Amino acid sequence: MTGKPAKVLLAAGANLPFGENCPKLTLRHAVFALSQAGVVIRAVSRFFSTPCFPAGAGPDYVNAAFEVETEADPETLLQMLHRIEHTFGRARAQRWGMRTLDLDVVAWQNRVLPDRAEYDRWQSLPPEQQIKATPDRLILPHPRLQDRAFVLVPLADIAPDWRHPVLGQTVREMLAALPDEDVSAVTPL
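Quick look at the structure, then.

### As for the packing of aromatic side chains
The relative placement of two aromatic rings is captured by the distance of their centres and the angle of their planes. By the definition in use, this model includes 1 aromatic pair. Centre to centre, the rings of F18 and F88 are 5.8 Å apart; their planes meet at 65 degrees, and the pair counts as edge-to-face. Note that F18 is positioned in the loop between β1 (6-14) and α1 (23-36) and F88 in the loop between α2 (74-87) and β5 (102-108), a separation of 70 residues in sequence. Taking the relative accessible area as the measure of exposure, F18 reaches 28% and is therefore partly exposed. Residue F88 is classed as buried on the basis of its relative accessible area, which comes to 9%. The ring of F47 has R28 sitting right over it, with the charged end atom 4.8 Å from the ring centre.

### Section: the pairing of β1
When you tally the buried positions in β1, you get 8 out of 9 residues, the bulk of the element. Relative to strand β4 (residues 61-70), β1 runs antiparallel, the two being bridged by 9 bridges. For A6, the partnering residue across the bridge sits in β4 and is T70. As judged from the 6 bridges shared by β1 and β5, these two strands associate in the antiparallel manner.

### What to know about unusual backbone geometry
In this structure, the amide linkage connecting L113 to the following residue, P114, adopts the cis form with an omega of -5 degrees. In this model, L140 is joined to P141 through a cis peptide bond whose omega is -10 degrees. Positionally, P141 belongs in the loop between α4 (127-130) and α5 (149-158). Although it is not a glycine, Q109 adopts a positive phi angle of roughly 50 degrees. Within the fold, Q109 resides in the loop between β5 and α3 (116-123). Look at Q109 and you get partly exposed, because its relative accessible area is 34%.

### Overview of α3
The set of residues buried in α3 consists of E118, Y119 and W122. One side of α3 holds all its buried residues, which, seen down the axis, span an arc of 100 degrees. Of the residues that open α3, the one with a side-chain oxygen 3.2 Å from the backbone nitrogen of A117 is D115.

Rules and cut-offs
- Residues numbered from 1 in each chain as written.
- Predicted model: local features only at pLDDT ≥ 70, side-chain atom pairs only at ≥ 80, totals over all residues.
- Heavy atoms only, no water.
- Phe/Tyr/Trp six-rings, centres within 6.5 Å; stacked < 30°, edge-to-face > 60°.
- Helix = DSSP H or I, 4+ residues; strand = E, 2+ residues; numbered from the N terminus.
- Buried < 20%, exposed > 50% of the residue type's maximum accessible area, 1.4 Å probe, protein only.
- Lys NZ or Arg CZ within 6 Å of the ring centre and 35° of its normal.
- Pairing = 2+ DSSP bridges.
- Arc of directions from axis to C-beta.
- Polar contact = N/O pair within 3.5 Å; in protein donor to acceptor, adjacent residues only side chain to side chain.

If you want it as C-alpha cells, here you go:
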C-alpha cells in the first residue's frame with residue numbers, strides 16, 4: 001500500500017459470456033467487484049461495442065474505461081485485477097485471445113513505470129513481437145495505448161485531458177491522430 005490515493009486509469013473489455021452473463025453485464029459486475037475490493041470508482045465510461053482485436057480473432061468486444069483511486073501500489077493493484085478477472089472466468093491461455101474479462105492498468109497518474117528505458121523498449125517493440133512477448137512486470141503507461149481506439153474512445157469519456165507523460169499528448173489528441181475508420185468502429189451500446 002502506498003498510503004496516498006493515486007488516480008489510475010483502467011481499461012476493461014470482454015467478448016465471451018461468463019455463465020449466463022453477457023460481456024456487458026460482466027463489465028458492470030467488475031465495477032462492483034473493484035469497489036468491493038476497496039478501489040474507489042471515480043468515473044465509468046459508456047460501454048462500447050468494438051471489433052475484436054486482432055481482427056478475426058473472435059466475437060466483438062464490449063469495452064469501457066474506469067477512473068479509480070487506490071492506495072495500493074501498482075503491482076498490488078495489478079494482482080487484484082487478475083484475481084477479479086479469475087473470479088469472472090478469465091483464463092490466460094493466449095495473448096490477445098478471447099476472454100470473459102480483461103482489466104488493464106493503462107495509466108498511473110503521470111508516472112512512467114518501471115522506468116523510461118523499459119517503457120521505451122516495450123513501446124518500440126515491432127508488431128510481430130508484440131503478440132509473442134509478455135512483460136514480466138507492469139509497464140506504464142500502457143505501451144500500445146496511443147494505438148488503440150478501443151481504449152482511447154472510452155477514455156475520452158472520462159479523462160479526455162489526461163496527458164501521456166511520454167508522448168505529451170492528451171487522450172483527445174491521441175484519439176484525433178488515429179484513422180477515422182478505427183475510431184468510428186467503436187460504437188456506444
